[in-house]
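What the coordinates show
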Amino acid sequence: MEIKKFCKEFFCEAFFDRKAKFKMRNLLIDGRIRDIELDYLSKYFAVHKLPSSDEVYEEISAHSDIFYCKINDKVICAPNAPIKNNNFIIGISEVKKNYPNDVPYNACQIGNVIIGSKYTDKTINPNIIVKQGYVKCSICVTSTKSCITTDTGICKILNNQGIDATYIMEKNIKLLDKAGKPTQMQGFIGGASMVFDDNFILFGDIEKLESKEKILKHIEKYKLNLINFKGLDVNDYGGGIIY
């Protein structure tokens, strides 16, 4: 009995010691995320739920891609971002309510290519400029050379740059009010998904999307595992920022 007790205590302590030494990555994500999605992501990240901000309209008020942008493994954030970290680079432009003042950090990186618009904060310094102001909203980056996009102009420009961009037309992605209820506004694939560790995370059930087959074909091509949440509407949370 004493040997069993010792083994139990030893392995229990060893488990928690290993867990303490393992530093989990951080994730910034909309605080309106549903419990089942939060439970899944919490296995891999220390999740920081963003509160809704009065600086922008309610549908994007807690979206990480509105207040933050990750470039070359550095997080750039708005001076009025709801959560800051000492390692974040503070940008120049404050995020404000009306377009285009809500999109200075809505940019993204695919390999060595940084995509932005004429409204992008100077700190980000994009090398490809597109007409669409909601750049990151419109793009899900799936590898260093590929993406899925809901914008035809972005798709054409990126394909011409040697990036494998798959265009989808999708009307079944929801944006939420502050209480987490769907509004009449339509969401984007970039905000409804994220990719990490060869996993393609869709915030909802892929069966709800008309573009299901094109998405599945793309993620199979890039050997990504689909993680989706059965029976749930697909919500746009502004993706997630990992740091």
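Everything numeric here is computed off the predicted structure, so don't read it as measured data.

1. Quick look at the overall build of the protein
For the protein, the count of helices and strands is five helices and 18 strands. In summary, the protein has a C-alpha radius of gyration of 19 Å against a globular reference of 18 Å for 243 residues, a match within 12%. When each of the 243 residues of the protein is scored for burial, the buried share is 49%. For the protein, contacts bridging at least 24 residues in sequence account for 58% of all contacts bridging at least 6. As displayed, the protein offers around 12800 Å² of accessible surface, 52% of which is attributable to carbon and sulfur atoms. Placing the 34 positive and 30 negative side-chain charges of the protein at their respective mean positions leaves the two points 3 Å apart.

2. Topic: the packing of aromatic side chains
Within a pair of aromatic rings, the relevant descriptors are the distance that separates the centres and the angle that separates the planes. One pass over the structure, following the stated rule, counts ten aromatic pairs. Taking 4.8 Å as the distance between ring centres and 70° as the angle between the ring planes, the aromatic pair formed by F45 and F196 counts as edge-to-face. Note that F45 is positioned in strand 2 (residues 45–50) and F196 in strand 14 (residues 193–196), a separation of 151 residues in sequence. We note that F45, like F196, is buried. By way of ring pairs, the aromatic residues Y40, Y44, F45, F196 and F229 are connected into one cluster.

3. Focus: the pattern of salt bridges
Tallied over the entire structure, the rule returns eight salt bridges. The closest approach of N and O atoms between D197 and R25, which form a salt bridge, is 2.7 Å. On the criterion of sequence distance, the pair formed by D197 in the loop between strand 14 and strand 15 (199–202) and R25 in strand 1 (residues 25–30) is long-range, its members being 172 residues apart. Across the salt bridge formed by K208 and D233, the nearest N and O atoms sit 3.6 Å from each other. Here the residue K208 occupies a position in the loop between strand 15 and helix 5 (212–221), and D233 occupies one in the loop between strand 16 (225–227) and strand 17 (234–235), the gap between them amounting to 25 residues. Taking the relative accessible area as the measure of exposure, K208 reaches 35% and is therefore partly exposed. Shared partners join several salt bridges into a network, and the residues in it are E207, K212 and E213.

Calculation rules
Per chain, residues are indexed from 1 in the order of the written sequence. Given that the model is predicted, a residue must reach a pLDDT of at least 70 before its local features are reported, and side-chain atom pairs must reach 80 or more before they are shown or counted; all residues, however, enter totals for whole chains, interfaces and linings. Processing note: side-chain calculations cover all non-hydrogen atoms of the structure and skip hydrogens and water entirely. Each helix is a run of H or I in the DSSP string that is no shorter than four residues. Each strand is a run of E no shorter than two, and both are numbered from the N terminus. For this measure, only C-alpha atoms enter the radius of gyration; the expected value for a globule follows 2.2 Å times N^0.38, where N is the number of residues. Categorising residues by exposure relies on relative accessible area from a 1.4 Å probe, with only protein chains included: less than 20% of the type maximum marks a residue as buried, more than 50% marks it as exposed, and the intermediate range marks it as partly exposed. Only heavy atoms enter the contact rule, under which two residues are in contact if any of them lie within 4.5 Å. Here the Shrake-Rupley method, with its probe set to 1.4 Å, supplies the accessible areas, and only the displayed protein chains count as covering residues. This count recognises Lys and Arg as positive and Asp and Glu as negative, with His and chain-terminal groups excluded. Every charge is mapped to an atom, namely NZ of Lys, CZ of Arg, CG of Asp or CD of Glu. Centres within 6.5 Å make a pair out of two Phe, Tyr or Trp rings, where for Trp the six-membered ring is used; the pair is then stacked when the planes are under 30 degrees apart, edge-to-face when over 60, and tilted otherwise. Here a salt bridge means any side-chain nitrogen of Lys or Arg lying within 4 Å of a carboxyl oxygen belonging to Asp or Glu.

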